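As a plain string of letters, each chain reads:
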Amino acid sequence: FHPIPKSALTPVFIMLFGIGDLSRVLIVSTIAIFPIIVNVQQAIKNIDDNYFYAVENMKLTTKQFYFDFIIPTILPTLLSTTKITIATGTAVLYISENIGASKGLGYYIGANSATDNINMFLGIFFLSLIGYVLIRTLEVLYDKYCFWAK
């Protein structure tokens, strides 16, 4: 899945699910979820076996095992990967809104690019602002919950 340019999948999703919000949501979700799954799986594999032995001796419940051990251990990887997928997802969202859409920031930027530069830059600004707010939110969460991982 990694060698395929993510933007190349946009027409496939539009063909399968039609022009509209569903295809855009599905493509951005698909592109975002796979790197997260792969990196979280790898983060769990990278946990030292000695930690698992120690946790096993603590006789944790299943809930405690996941919420007190696994999630805190993989949280830095999860947040970092999510941060990367936001950038990719935003780019793919822009492209998917340029292909056959009649609304959305990508459409707004593309529709105004030749005729109305101010609105085009306004669309770029808001798309960038959304990306910035999402990434900054993840950085705040990282600082708050992963302070030990710095």
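That block above? That's the structure.
Before going into details, it helps to say that this report is about the structure given with it.

So, how was this worked out
Residues numbered from 1 in each chain as written. Predicted model: local features only at pLDDT ≥ 70, side-chain atom pairs only at ≥ 80, totals over all residues. Heavy atoms only, no water. Axes fitted to C-alpha atoms, helices over the stretch in contact; angles between N-to-C directions. Helix = DSSP H or I, 4+ residues; strand = E, 2+ residues; numbered from the N terminus. Parallel < 35°, antiparallel > 145°, perpendicular 65-115°, else oblique. Left-handed = near helix turned anticlockwise from the far one by under 90°. Contact = heavy atoms within 4.5 Å. Nonpolar A, V, L, I, M, F, W, Y, C, P; charged D, E, K, R; others polar. Expected span 1.5 Å × (residues − 1). Buried < 20%, exposed > 50% of the residue type's maximum accessible area, 1.4 Å probe, protein only.

## A word on the packing of helix α1 (residues 10–17) against helix α2 (residues 21–45)
The interhelical angle for the contact between α1 and α2, taken along N-to-C directions, is 135 degrees, at an axis separation of 9 Å. Of the possible angle classes, the one that applies to α1 and α2 is oblique. Crossing of α1 against α2: the hand is right-handed. Contacts between α1 and α2 involve Thr10, Phe13, Ile14 and Phe17 from the first element and Leu22, Ser23, Leu26, Ile27 and Thr30 from the second. Partitioned by chemical class, the residues of the contact of α1 with α2 number six nonpolar, three polar and no charged.

## A closer look at helix α6 (residues 117–145)
Between the first and last C-alpha of α6 there are 42 Å, a value that for 29 residues agrees with the 42 Å anticipated at 1.5 Å per step. Turning to α6, its buried residues number three or more, namely Met120, Gly123, Leu127, Gly131, Leu138 and Tyr142. Looking at the buried residues of α6, the elements they touch are α4 (62–98) and α5 (105–112).

## Concerning the environment of aspartate 143
Its place among the elements puts aspartate 143 in helix α6. For the pair aspartate 143 and valine 12, spaced 131 residues apart in the sequence, the C-alpha separation amounts to 38 Å.

## A few points about the packing of α2 against α4
With their axes 8 Å apart at the nearest point, α2 and α4 run at an angle of 155 degrees to one another. Here α4 runs roughly antiparallel to α2, going by the angle between their axes. For α2 against α4, the interelement crossing comes out right-handed. Grouping the amino acids of the contact of α2 with α4 by side-chain chemistry returns 14 nonpolar, eight polar and two charged.

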